[in-house]
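Residues per chain are reported as follows:
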Amino acid sequence: MNQTEFLDIKDISINDSFWSPIMERVRTKVIPYQWEALNDRVSGAEPSYCMRNFKIAAQMTHPELDYGVDNSLGHGGHVFQDSDLAKWIEAAAHSLVWHPDPELEKNLDSAIEIICGAQQKDGYLNTYYIISGLEKRFTNLKDNHELYCFGHFTEAAIAYYRAAGKRRLLDAMIFYADCIDSLIGPQDNKIRGYPGHEIAEMALLKLFGITKNKKHLDLALYFINQRGQKPLYFEDEIKKHGGSFHWNDSYFQFQYYQAGIPVRDQHIAEGHSVRAVYLYSGMADAARITNDAGLLKACGDLFNNISKKQMYITGSIGQSAYGESFSFDYDLPNDTVYAETCAAIGLAFFAQRMAALQPKGEYGDVLERALYNGIISGMSLDGQSFFYVNPLEVLPEACLKDRRLKHVKTERQKWFGCACCPPNLARIIASLGNYIHSYNENAIYTHLFAGSSSQFLLNGKNLTVKLETQYPRSGMVAVTFAMEGTARFDYGFRVPSWCQKFSVLLNNAPVNYKLRDGFAVIAGEWKNNDLLEINFEMPVTLVEANPNVRQDAGKLALTMGPVVYCLEEADNGNELQKIRLGSAQPAEAKTEFKKDFLGGINVITIQGKKIKNWDTQDLYRPAGLQEKTGQENSGYEDKSLKFIPYYAWANRGPGEMTVWVNK
């Protein structure tokens, strides 16, 4: 394996025409807004209860504390409500790295004091059980998310420690990890369980990277290796503690939790899509740290299954609202789709970790597709409302009247009772610098193209890599290397799978490169101010789906570079199902960048057709009836079609939308 590690966000500054405004929106709009939501101060939004729960738990743990909250109110929200606060802390911590903010840091410290005030004497920390009864803790690992909340808080603690050097929350989570390790594990006197909702695996492996305490590595590996072993722990847990098994009548059974078979025997993505990609991300981390060939093989197979057979063109995953789950290969419905924002984010985590294991362009392709489409579609352009579900086709009347579509919203929501997506989206955007470059002692690889300046230490040599680009609005990328003297290393840049032709110059002259696993790799000795100019040709492209995808048979989607486009009613009128596109490549498509429209987007105009209404009210008629009149194309009218980026839809009120258009 050609392992690398991704550059830490502390070593990169982003100045990008596309991403910087989004990151700034997260910093100035989303993070403050979510802080208000977590404190139940957003009018008209569903209450969060997060801060209220921690204040109650802290007062119960330390009666001398007084946060002005009535302890008799009980726990509010879901059993996993704590995790929303953890993700907000992580997002806020990442933002502090690239924009110091004393007021935000003050809010973080205040929240952390309340959180730590709720921690029990043995390190346990979960508001649901502290408030509702500690005697029941760790009796329902399958459904009650204690280890999931632990994982998110551990990732938050690590992010804040790295951002501000503060250990208060980090030490609390190390204490909690010790508590978990003392109670759960392979020993006879311990609970032989593992998380029902994965993420603790990723978190513990990150924690091991800081503490170097083998106990944290071993606990993560135990959670991974014990999963799916016979007898199944979740079956034993139900027998011992009672409770229900909601998925008893489902096809996936315990694979809903990816716990029906051992992880090394899992080669098809199944069950709850967010849980799945969180687990696969932890497996990939474990494979990298331990050089486990079995885990690496499973991760590769699972990634291929998702990306080649179960992923939407937008980088979204999770086809079914039932269980928020994967369904089966090539099943990709556009209207009933679930496509949770968190699932696309989890897929980005997985892709990044696979790219660290071995730099391959296919991993960056998926990461890019998810980021530019299925992830940022989850947030409005003003940062004040959010999608949980990201459909590829919407008819507002159907969403209102068809129960099969009750999960699909035509407008982004202010907040959710289950609000996992908004803070998850904030934390990945705030940490975007983590996803651009990876490196080892011999090479630097660029996976994403965003204007930035990055600091590397290669074989004791300090060097800076600067990217300048208007990507994804154009395919021009300039890479400048700065260093003292010279340095010898390989530089590889990903050649996107959407790109059919590209050129590259070094200091205005052709340069030799080798295509390797989706990267163009240039080997040699580099000197100060070397300039690499890359031009990815980025035409408007009509895309068709594999014919096995029955929902997209006879349909086309429009893309430009990594961005997927859609038709929206606001631009094209209603009844989008009547729109038709020609099957040839759209050489006559017109692209116009509109700086003041929908945050600044490329708008693509192309000629198409629209089916005329019949002159009767008949529900059916013989096919081709109008053609027999002798009037050519009498059933169609010419239609100028306006496409906008998919991520920007639903920012002008509710209306129809579609990504896939009939030929």
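As the structure is a prediction and not an experimental result, all values here were calculated from the model.

1. A closer look at the sheet that holds strand 8 (residues 476–483)
The antiparallel open sheet is built from seven strands, whose spatial order is 2-6-7-8-14-10-11. If you trace the sheet from one side to the other, it starts and ends with strand 2 (12–14) and strand 11 (509–510), each paired once. Here seven bridges tie strand 6 (residues 452–458) to strand 7 (residues 461–469), and the two strands are oriented antiparallel to one another. Paired with Leu 458 across the bridge in strand 7 is Lys 461.

2. Some words on the packing of aromatic side chains
Applying the stated criterion to the full structure yields 48 aromatic pairs. Here Phe 303 and Tyr 363 contribute two aromatic rings whose centre-to-centre distance is 4.9 Å and whose plane-to-plane angle is 80°, an arrangement assigned as edge-to-face. On the criterion of sequence distance, the pair formed by Phe 303 in helix 12 (residues 293–309) and Tyr 363 in helix 14 (residues 361–375) is long-range, its members being 60 residues apart. With a relative accessible area of 8%, Tyr 363 lands in the buried category. The ring centre of Tyr 124 lies 4.8 Å from the NZ or CZ of Arg 137, which sits over that ring.

3. A few points about the nonpolar core
Membership of the largest hydrophobic core comes to 228 residues, with the highest contact counts inside it found for Leu 85 and Phe 493. In contact with Phe 493, not counting residues within four places along its chain, are Thr 446, Phe 449, Phe 502, Val 504, Gly 518, Phe 519, Ala 520, Ile 522, Leu 532, Ile 534 and Phe 536.

4. Considering helix 4 (residues 102–117)
Between its first and last C-alpha atoms helix 4 spans 22 Å; for 16 residues at 1.5 Å apiece the expected length is 22 Å, and the two agree. Residues of helix 4 that are buried: Leu 104, Leu 108, Ala 111, Ile 112, Ile 114, Ile 115, Cys 116 and Gly 117. Where helix 4 starts, the residue carrying a side-chain oxygen 3.1 Å from the main-chain nitrogen of Glu 103 turns out to be Asp 101.

5. With respect to unusual backbone geometry
Geometrically, the link from Lys 230 to Pro 231 is a cis peptide bond, its omega value of -10° lying close to zero. Mapped onto the secondary structure, Pro 231 falls in the loop between helix 9 (214–226) and helix 10 (233–241). The omega torsion of the bond from Tyr 471 to Pro 472 falls at 5°, within 30 degrees of zero and hence cis. In this structure, Pro 472 sits in the loop between strand 7 and strand 8. Phi at Lys 212 takes a positive value of approximately 60°, unusual for a residue other than glycine. Along the chain, Lys 212 falls in the loop between helix 8 (200–211) and helix 9. Classification of Lys 212 by relative accessible area gives exposed; the value is 59%. Located in the positive-phi region is Asp 517, a residue other than glycine, with phi close to 55°. Relative to the assigned elements, Asp 517 resides in the loop between strand 12 (514–516) and strand 13 (519–527). A relative accessible area of 43% means that Asp 517 is categorised as partly exposed.

6. Here's the deal with the pairing of strand 5 (residues 443–446)
Taking every second residue as pointing to the same face, both faces of strand 5 are buried, with Ala 443 and Tyr 445 on one and Ile 444 and Thr 446 on the other. Two strands pair when backbone bridges link them, and strand 4 (residues 437–439) and strand 5 are joined in this way by three bridges, in the antiparallel orientation. Along strand 5, the bridge assignment pairs Tyr 439 with Ile 444. Remark: three residues form the turn of the hairpin made by strand 4 and strand 5, two consecutive strands paired antiparallel.

7. What about the state of the cysteines?
Counted by the stated rule, this structure contains zero disulfides. Counting only cysteine sulfurs, Cys 342 is the nearest neighbor of Cys 421, a cysteine outside any disulfide, at a range of 3.6 Å. Judged by relative accessible area, which is 1%, Cys 421 ranks as buried.

About the criteria used
- Residues numbered from 1 in each chain as written.
- Predicted model: local features only at pLDDT ≥ 70, side-chain atom pairs only at ≥ 80, totals over all residues.
- Heavy atoms only, no water.
- Pairing = 2+ DSSP bridges.
- Helix = DSSP H or I, 4+ residues; strand = E, 2+ residues; numbered from the N terminus.
- Phe/Tyr/Trp six-rings, centres within 6.5 Å; stacked < 30°, edge-to-face > 60°.
- Buried < 20%, exposed > 50% of the residue type's maximum accessible area, 1.4 Å probe, protein only.
- Lys NZ or Arg CZ within 6 Å of the ring centre and 35° of its normal.
- Core = buried A, V, L, I, M, F, W, Y, C linked by side-chain atoms within 4.5 Å.
- Contact = heavy atoms within 4.5 Å.
- Expected span 1.5 Å × (residues − 1).
- Polar contact = N/O pair within 3.5 Å; in protein donor to acceptor, adjacent residues only side chain to side chain.
- Disulfide = S-S within 2.5 Å.

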